[in-house]
Amino acid sequence: MSSGNWEVRIPVTVLTGVLGAGKTTLLRYILEKPHGYRVAVIQNEFSEEMGMEAPLFTDANGDTIKDVYELPNGCLCCSAKDGLIGMLDVLLEHKNRFDYVLVEVFWVDEGLGSRVYLDGVLSLVDAYNMSSYLGKRKASHGYPEEGAKSTSLGLEAEAIKQVACADVLILNKVDLVAEADRARAAAMLREINPTARLLESRFAEVPLGEILGLQAFDKDRLAASVLGLPVLEEREEGGHGHAHSHSDGHCNDCEAGKLLGAHGIESVLLQGEAGALYDPNKVRSWLAEVLWEGTAGFVYRCKGLFRGPPEDEEDPPEQTTIVSHALQGVGKIFEIEQAGKATVERSKMLFIGRGLQRDVLAAGLKACLASD
């Protein structure tokens, strides 16, 4: 997930969305329209809807490459039914023929890490059927446990997780809903994921420049996103503060120091004390416990910016250099990088997930303070 050298590696965009949200429609738009982008789209298997009648993809010797089709608009359509890693390996041998890779599932192993990078995560949401698979909020907050079989067509937990992890949310089929319903749907998505860019579409048609080339995991862009988060308001007597609004007019978890949004998704925004410095190695170990062992709840997405000494500084001089570090994670994958251009007066860390324990997170962050 590391940003690395953006110029020499191929960007990969992950596309998510429940059945019927419009993924195939978006893929057809990318593969058929003269938009000027050269995109390699990898699907699990070719669907009949894609109608593969374009020329087969061939190598330098003119031999046909299995399960890759080159389309008239310059895009490629590829099948990953025999393995995503194998298909990416094939494509990377011909990377001069495309500029982006769009897949529905993605992970990076050590062999691919030096040749590709995660550009961003997209989530398509069906505005017309949204309530049927996101479910309705229960007064008792009795939401499905992580890993348990969810209600609402069995899609609620997965659909909410997709929204929470996204860098860009595409609210599709807005032409099929009334304006008031569209506005409520948009507000719900912003409540679940307050940092994602929200686009609205008909027939899944969106400007490709809005969903490709995001560099969402670039440390400088991440820093700008984190710095834009609302500043916590301090309360007396050692209390916490947080800035937010509620569509339902109340929040039972305000006193716990977190924003409980629609469908049990929580946003916890931690802010370090003024002038506090954090050890990046301690933060790394702490995040590993939080994300891998679930010590503070189920975290779907996290991002942050914190101040501390350089990570490679073993024997700090009398005057320790202070730098900014950017952190972010999706699911159980996370990274911490030095953010050279970013400056932050007070460290900020945002966690989005379910069943989050703010007190545990706050205590864990406090334990990461750099030694004097």
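Let me begin by describing the structure that accompanies this report. (Residues numbered from 1 in each chain as written. Predicted model: local features only at pLDDT ≥ 70, side-chain atom pairs only at ≥ 80, totals over all residues. Heavy atoms only, no water.)

### So, the packing of aromatic side chains
In this description, an aromatic ring pair is defined by two values, namely the gap between the centres and the angle between the planes. We count it as follows: Ring pairs are drawn from Phe, Tyr and Trp, using the six-membered ring of Trp, whenever the two centres fall within 6.5 Å, and their geometry is named by plane angle: stacked under 30 degrees, edge-to-face over 60, tilted for the rest. Think of it this way: any DSSP run of H or I at least four residues long counts as a helix, any run of E at least two long counts as a strand, and we number them from the N terminus. Buried residues are those whose accessible area, probed at 1.4 Å on protein chains only, stays under 20% of the maximum for their type, while exposed residues exceed 50% and partly exposed ones sit between those limits.
Applying the stated criterion across every chain yields a total of three aromatic pairs. Residues tyrosine 37 and tyrosine 100 carry aromatic rings whose centres are separated by 6.0 Å and whose planes lie at 45 degrees to one another, so their mutual orientation is tilted. Note that tyrosine 37 is positioned in the loop between α1 (23–32) and β2 (39–43) and tyrosine 100 in strand β6 (residues 100–103), a separation of 63 residues in sequence. Looking at tyrosine 100, the relative accessible area reads 17%, which means it is buried. Taking 5.9 Å as the distance between ring centres and 70 degrees as the angle between the ring planes, the aromatic pair formed by tryptophan 286 and phenylalanine 351 counts as edge-to-face. Taken together, the residues span a long stretch of sequence, with tryptophan 286 in helix α8 (residues 280–293) and phenylalanine 351 in strand β15 (residues 348–354) at a distance of 65 residues.

### Observations concerning the pattern of salt bridges
Note on pairing: side chains with opposite charge can pair once their charged atoms come close. What counts, and what does not: Here, a salt bridge means any side-chain nitrogen of Lys or Arg that lies within 4 Å of a carboxyl oxygen of Asp or Glu.
Enumeration over the complete set of coordinates arrives at ten salt bridges. When the shortest N-O distance is used, the salt bridge between aspartate 99 and arginine 38 registers 3.0 Å. With aspartate 99 in the loop between α2 (84–92) and β6 and arginine 38 in the loop between α1 and β2, the pair connects residues that are 61 residues apart, well separated along the chain. Lysine 173 is the salt-bridge partner of aspartate 126, the closest N and O atoms lying 3.0 Å from each other. On the criterion of sequence distance, the pair formed by aspartate 126 in strand β7 (residues 116–126) and lysine 173 in the loop between β8 (168–172) and α6 (179–192) is long-range, its members being 47 residues apart. For lysine 173, a relative accessible area of 22% puts it in the partly exposed group. Salt bridges sharing partners connect three or more residues here, namely Glu179, Arg182 and Glu200.

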